[in-house]
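Letter by letter, the chains look like this.
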Amino acid sequence: ECVSGCVCPEGLLDDGKGGCVERKDCPCIHNNQWYSPGQKITVDCNTCTCQKGFWSCTEDMCYGTCMIYGSGHYITFDGKFYDFDGNCEYVATQDFCGDKSSSGSFSIITENVPCGTTGVTCSKAIKMFIGKTELKLENKDYKEIQRDIGDDVRYWNRTVGLYLVIEATNGVMLIWDKKTTVFIKLTPDYKGKVCGLCGNFDDKSNNDFTTRSGLQETNALKFGNSWKQSSMCPDVTQEIKPCDVKPHRKSWAEKECSIILSEVFKICHAKVDPIPFYDACVHDACSCDSGGDCECFCSAVAAYAQECTKAQACVFWRTPDICPIFCDYYN
């Protein structure tokens, strides 16, 4: 039988917004937002153009980024989000993978220490081995140590706003906020050739928990323990939930961190899921209870703001009351 309703005239298509258009004028959709034909968006390092209802994108190979921040939060090169609180030195990423004799050009080690009294750990120092140079980043500064083994790999450093950036000729870049946040960027040449807490950079997040011995793990603790540098460090046996340890801080933490879910970050919500960053923020705000508690909160919100900026959603969230920065000093 006939069903009443609206259809577009022959040769025209429904544009999803109640209008009828020719095929060449079809809009495109990305993250629940509509884009008109000819509009461009940036996805990672590529530009996509809306054409006849489909995205046409450039296919440049992009840097991979691994992020370590706050009280043991990791986002791998392939985008896997997990928590690991270990009090030791761990391999963040390296290209010495596979058999023991395999040669590599770099290794980045993170030294994690307790922050606060709840047992969670933060990255306090970073060691970067590139060729025969060892760089140690600690206490807002870095020092260089020359070793006898390894190739000559040149590197240079610069300060960009809050960050110290170290870039090497072998395609490794390290960005450090001089506190507890580290970004490690690798050129696409390293795809599938690295290992450590940052995963293997093969565009698949389901195999990122590959242990030092090459086994696939599902448990973040077993995976993390396998990458410790010293067998003297104790294994992590349980996940720490600081809000359960310090319940009186929980409501304060949730109230402060709600900025991530608020109107302030609204333009970003469709582009970067705020929930894991909100949970990480509450975790950090509960855990940092021995001074520096605002710093933990600010680093957690800044981590989400950073991901928003990468997704082309620039958010001005700092105010004189919330994590202020004296910009003239950094300029």
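Residues numbered from 1 in each chain as written. Predicted model: local features only at pLDDT ≥ 70, side-chain atom pairs only at ≥ 80, totals over all residues. Heavy atoms only, no water.

1. Side note on the overall build of the protein
Reasoning step 1: When helices and strands are tallied, the protein shows 7 helices and 19 strands.
Reasoning step 2: Oriented by its inertia axes, the alpha-carbon framework of the protein measures out at about 80 × 50 × 50 Å.
Reasoning step 3: Here the protein holds 331 residues, and the buried ones make up 45% of them.
Reasoning step 4: Once local pairs closer than 6 in sequence are excluded, the contacts in the protein between residues at least 24 apart make up 48%.
Reasoning step 5: If you sum the accessible surface of the protein, you get close to 17700 Å²; carbon and sulfur atoms cover 51% of it.
Reasoning step 6: When the 34 basic and 45 acidic side-chain charges of the protein are each reduced to a single mean position, those positions are 3 Å apart. (Helix = DSSP H or I, 4+ residues; strand = E, 2+ residues; numbered from the N terminus. Buried < 20%, exposed > 50% of the residue type's maximum accessible area, 1.4 Å probe, protein only. Contact = heavy atoms within 4.5 Å. Areas by Shrake-Rupley, 256 points an atom, 1.4 Å probe, with all protein chains shown as cover. Lys, Arg positive; Asp, Glu negative; His and termini not counted. Charge placed at Lys NZ, Arg CZ, Asp CG, Glu CD.)

2. Quick notes on the packing of helix α3 (residues 247-257) against helix α5 (residues 275-287)
Reasoning step 1: At a minimum axis separation of 8 Å, α3 and α5 run at an interaxial angle of 135 degrees. Taken together, the axes of α3 and α5 lie oblique to each other. In this structure, the crossing between α3 and α5 has a hand that is right-handed. Between α3, through R249, K250, W252, A253, E254 and C257, and α5, the contact on the second element is made entirely by Y278, C281, V282, A285 and C286.
Reasoning step 2: Looking at side-chain class alone, the contact of α3 with α5 contains 8 nonpolar, no polar and 3 charged residues. (Axes fitted to C-alpha atoms, helices over the stretch in contact; angles between N-to-C directions. Parallel < 35°, antiparallel > 145°, perpendicular 65-115°, else oblique. Left-handed = near helix turned anticlockwise from the far one by under 90°. Nonpolar A, V, L, I, M, F, W, Y, C, P; charged D, E, K, R; others polar.)

3. Considering the sheet that holds strand β6 (residues 46-51)
Reasoning step 1: The 3 strands are arranged β5-β6-β7 in an open sheet whose pairing can be described as antiparallel. A single partner strand is all that each edge strand has here, and the edge strands are β5 (40-43) and β7 (54-57). Here the average twist between neighbouring strands, direction ignored, is 35 degrees.
Reasoning step 2: Bridge count for β5 against β6 is 4 bridges, and the pairing is antiparallel. If you follow I41 over to β6, its bridge partner there is C48. (Pairing = 2+ DSSP bridges.)

4. Focus on the packing of aromatic side chains
Two aromatic rings, taken as a pair, are described by how far apart their centres are and by the angle between their planes.
Reasoning step 1: This structure, assessed with the given rule, holds 12 aromatic pairs.
Reasoning step 2: Both rings, one in F77 and one in F201, keep their centres 5.2 Å apart while their planes meet at 35 degrees; by these two values the pair is tilted. One end of the pair, F77, is in the loop between β9 (73-75) and β10 (81-83); the other, F201, is in the loop between β19 (182-186) and α1 (220-226), and 124 residues separate them in sequence. F201 carries the same exposure label as F77, and that label is buried. (Phe/Tyr/Trp six-rings, centres within 6.5 Å; stacked < 30°, edge-to-face > 60°.)

5. Some points on the domain arrangement of the protein
Reasoning step 1: Here the protein is described as being made up of domain 1 (13-57), domain 2 (64-226) and domain 3 (242-311).
Reasoning step 2: Computed from C-alpha atoms alone, the centre-to-centre distance between domain 1 and domain 3 is 33 Å. (Domains from an automatic or database assignment.)

6. A short note on the pattern of salt bridges
Reasoning step 1: Under the counting rule described, the total for this entry stands at 14 salt bridges.
Reasoning step 2: A salt bridge links K132 to D152; the shortest N-O distance between them is 3.8 Å. Of this pair, K132 sits in the loop between β13 (121-130) and β14 (133-138) while D152 sits in the loop between β15 (141-146) and β16 (155-160), placing them 20 residues apart in sequence.
Reasoning step 3: Look at K132 and you get partly exposed, because its relative accessible area is 24%.
Reasoning step 4: A salt bridge links D202 to K204; its shortest N-O distance comes to 3.8 Å. (Salt bridge = Lys/Arg side-chain N within 4 Å of Asp/Glu carboxyl O.)

7. Quick notes on the environment of V7
Reasoning step 1: With respect to the element layout, V7 can be found in the segment before β1 (13-14).
Reasoning step 2: With 13 residues separating them in the primary sequence, V7 and C20 have C-alpha atoms 8.7 Å apart.

8. A closer look at the state of the cysteines
Reasoning step 1: Following the criterion strictly, the structure yields 13 disulfides and no others.
Reasoning step 2: For C298, the disulfide goes to C323, at an S-S distance of 2.0 Å. Residues C298 and C323 share a disulfide whose torsion about the S-S bond is about -90 degrees; that sign makes it left-handed. Placement of the pair is C298 in helix α6 (residues 293-310) and C323 in the loop between α6 and α7 (327-330), with a sequence separation of 25 residues.
Reasoning step 3: Not part of a disulfide, C26 finds its nearest cysteine sulfur in C28, a span of 8.4 Å.
Reasoning step 4: Owing to a relative accessible area of 12%, C26 belongs among the buried residues under this scheme. (Disulfide = S-S within 2.5 Å.)

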